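Each chain, letter by letter, is given below.
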Amino acid sequence: MGANPINLAVRFILEIGALVALGRWGWDQATGVLQFVLALAIPVLAAVLWGTFAVPGDPSRSGRAPVVVPGMARLFLELAVFAAATWSLFATGASNLAWVFGIAVLIHYAMSYDRIQWLLGH
């Protein structure tokens, strides 16, 4: 189910939502020019980490891994990004959205049980 096109589309939407939430949190942390820097730098850093550290042959990705990591490390990275995004929504006062986002992430991972098993085995 983890490689199902609908589940992959949901995952993509969650990834974009996480980047937006992290950028919003960065925006709220400063004023002036630093506000713009943080609003851009934090999501870019998350996206670079997300795209760089991968498990070769991951069926939910291109299969390429610029920096090879074990499946457990990849799963931890994904959960850390989604947890940080959920926390950032709470921190910026969007608690209802944070709950919806967090529950959507949990449902996505529950439906991706086969991918989680694959990651833990690699």
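Residues numbered from 1 in each chain as written. Predicted model: local features only at pLDDT ≥ 70, side-chain atom pairs only at ≥ 80, totals over all residues. Heavy atoms only, no water.

Student: Describe the packing of helix 3 (residues 71-91) against helix 5 (residues 113-120), with residues and values.
Tutor: It is the contact of helix 3 with helix 5, at a shortest axis distance of 7 Å, that shows an interaxial angle of 130 degrees. By the angle class used here, helix 3 and helix 5 are oblique. Residues Gly71, Met72, Arg74, Leu75 and Glu78 of helix 3 form the contact with helix 5, whose participating residues are Arg115, Ile116, Leu119 and Leu120. Across the contact of helix 3 with helix 5, the residue classes break down as 5 nonpolar, 1 polar and 3 charged. (Axes fitted to C-alpha atoms, helices over the stretch in contact; angles between N-to-C directions. Helix = DSSP H or I, 4+ residues; strand = E, 2+ residues; numbered from the N terminus. Parallel < 35°, antiparallel > 145°, perpendicular 65-115°, else oblique. Contact = heavy atoms within 4.5 Å. Nonpolar A, V, L, I, M, F, W, Y, C, P; charged D, E, K, R; others polar.)

Student: Before we move on, could you go through a nonpolar patch on the surface and cite the residues and values that matter?
Tutor: Together, Phe90, Trp99, Ile103, Ile107 and Met111 make up a nonpolar patch on the protein surface, roughly 500 Å² of accessible area in all. Ranked by residues supplied to the nonpolar patch, first place goes to helix 4 (residues 95-111) with 4 residues. When you line up the elements, Met111 lands in helix 4. Judged by its relative accessible area of 37%, Met111 falls in the partly exposed class. (Patch = residues over 30% accessible without salt bridge, like charges linked within 9 Å, V, L, I, M, F, W, Y side chains within 5 Å. Areas by Shrake-Rupley, 256 points an atom, 1.4 Å probe, with all protein chains shown as cover. Salt bridge = Lys/Arg side-chain N within 4 Å of Asp/Glu carboxyl O. Buried < 20%, exposed > 50% of the residue type's maximum accessible area, 1.4 Å probe, protein only.)

Student: Before we move on, could you go through the environment of Gly71 and cite the residues and values that matter?
Tutor: Tracing the chain through its elements places Gly71 in helix 3. Judged by its relative accessible area of 0%, Gly71 is buried. Counting along the chain gives 44 residues from Gly71 to Arg115, while the straight-line C-alpha distance between them is 9.8 Å.

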